[in-house]
Amino acid sequence: ARPPADPAAPTQPAATLPSATDLGVDEDEEEDSEEEKEDEEEGALKLWRELGGGALEPVLASGAIALLDAQWIISYAEAGGVL
């Protein structure tokens, strides 16, 4: 699995940015098979449960709470928002 792309706009001209191959991306690399994706999802679920996520599942499913992005909270507070 690859890390998510940085959503920030590049701060360098395109000519100075590294190419995909410079970053180690194999141009001939094929997408993960369905079996590999399922294995990855099963691994993530196992880790979620090992770390105690299973205890949160009923509350999350009920809609009683929402998970927020910490950066959003910080930005909102810095902008004068009341938490």
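Just so you know, the residues in each chain are numbered from 1, in the order the chain's sequence is written. Where local features are concerned, this predicted model is filtered to residues with pLDDT of at least 70; where side-chain atom pairs are given and counted, the filter is 80 or more; whole-chain, interface and lining totals use all residues. The basis for every side-chain value is the complete set of non-hydrogen atoms in the structure, without hydrogens or water.

Caption draft 1: Quick peek at the packing of aromatic side chains. Centres within 6.5 Å are what make two rings of Phe, Tyr or Trp a pair, Trp counting through its six-membered ring; a difference in plane orientation under 30 degrees is then read as stacked, over 60 as edge-to-face, and the rest as tilted. Counted under the stated rule, the structure contains one aromatic pair. A ring pair is formed by tryptophan 72 and tyrosine 76, whose centres lie 5.0 Å apart and whose planes are at 15°; its orientation type is stacked. With tryptophan 72 and tyrosine 76 both in helix H3 (residues 70-78) and four residues apart, this pair spans about one turn of that helix. Since its relative accessible area comes to 46%, tryptophan 72 is described here as partly exposed. Overall, the relative accessible area of 36% leaves tyrosine 76 in the partly exposed class. Secondary structure follows DSSP: runs of H or I at least 4 residues long count as helices, runs of E at least 2 residues long count as strands, and numbering of each begins at the N terminus. Exposed residues in this analysis have more than 50% of their type's maximum accessible area, buried residues have under 20%, and partly exposed residues fall in between, with area computed by a 1.4 Å probe over protein chains only.

Caption draft 2: Up close: the confidence of the model for the protein chain. Per-residue pLDDT for the protein chain averages 78, and the proportion of residues at 70 or more is 75%. Looking at the elements of the protein chain, mean pLDDT is at its lowest for helix H2 (residues 57-62), recorded as 84, and at its highest for helix H1 (residues 34-50), recorded as 91. On a range of 0 to 100, pLDDT expresses the predictor's confidence in each residue.

Caption draft 3: Just a negative patch on the surface, in detail. Two joining distances apply to patches: 9 Å for like charges and 5 Å for nonpolar side chains (Val, Leu, Ile, Met, Phe, Trp, Tyr), and every residue must have over 30% relative accessible area and no salt bridge. Per-residue accessibility takes into account occlusion by the displayed protein chains alone, with areas from the Shrake-Rupley method and a 1.4 Å probe. Any Lys or Arg side-chain nitrogen located within 4 Å of an Asp or Glu carboxyl oxygen qualifies as a salt bridge. The positive count covers Lys and Arg only, the negative count covers Asp and Glu only, and His and the chain ends enter neither. Charged side chains are reduced to one point each, which is NZ for Lys, CZ for Arg, CG for Asp and CD for Glu. Where like charges cluster on the molecular surface, the negative patch consists of Glu31, Asp32, Glu35, Glu36, Glu38, Asp39, Glu40, Glu41 and Glu42. Given a relative accessible area of 69%, glutamate 31 falls into the exposed group.

Caption draft 4: View of the pattern of salt bridges. A full pass over the atoms with the stated rule returns three salt bridges. Across the salt bridge formed by lysine 37 and glutamate 34, the nearest N and O atoms sit 3.9 Å from each other. A residue pair is termed a helical-turn pair when its members lie 3 or 4 positions apart in one helix, as lysine 37 and glutamate 34 do in helix H1 at three residues. Given the relative accessible area of 33%, lysine 37 is considered partly exposed. Residue classification places glutamate 34 among the exposed positions, given a relative accessible area of 54%. With a shortest N-O distance of 3.9 Å, glutamate 50 and lysine 46 are connected by a salt bridge.

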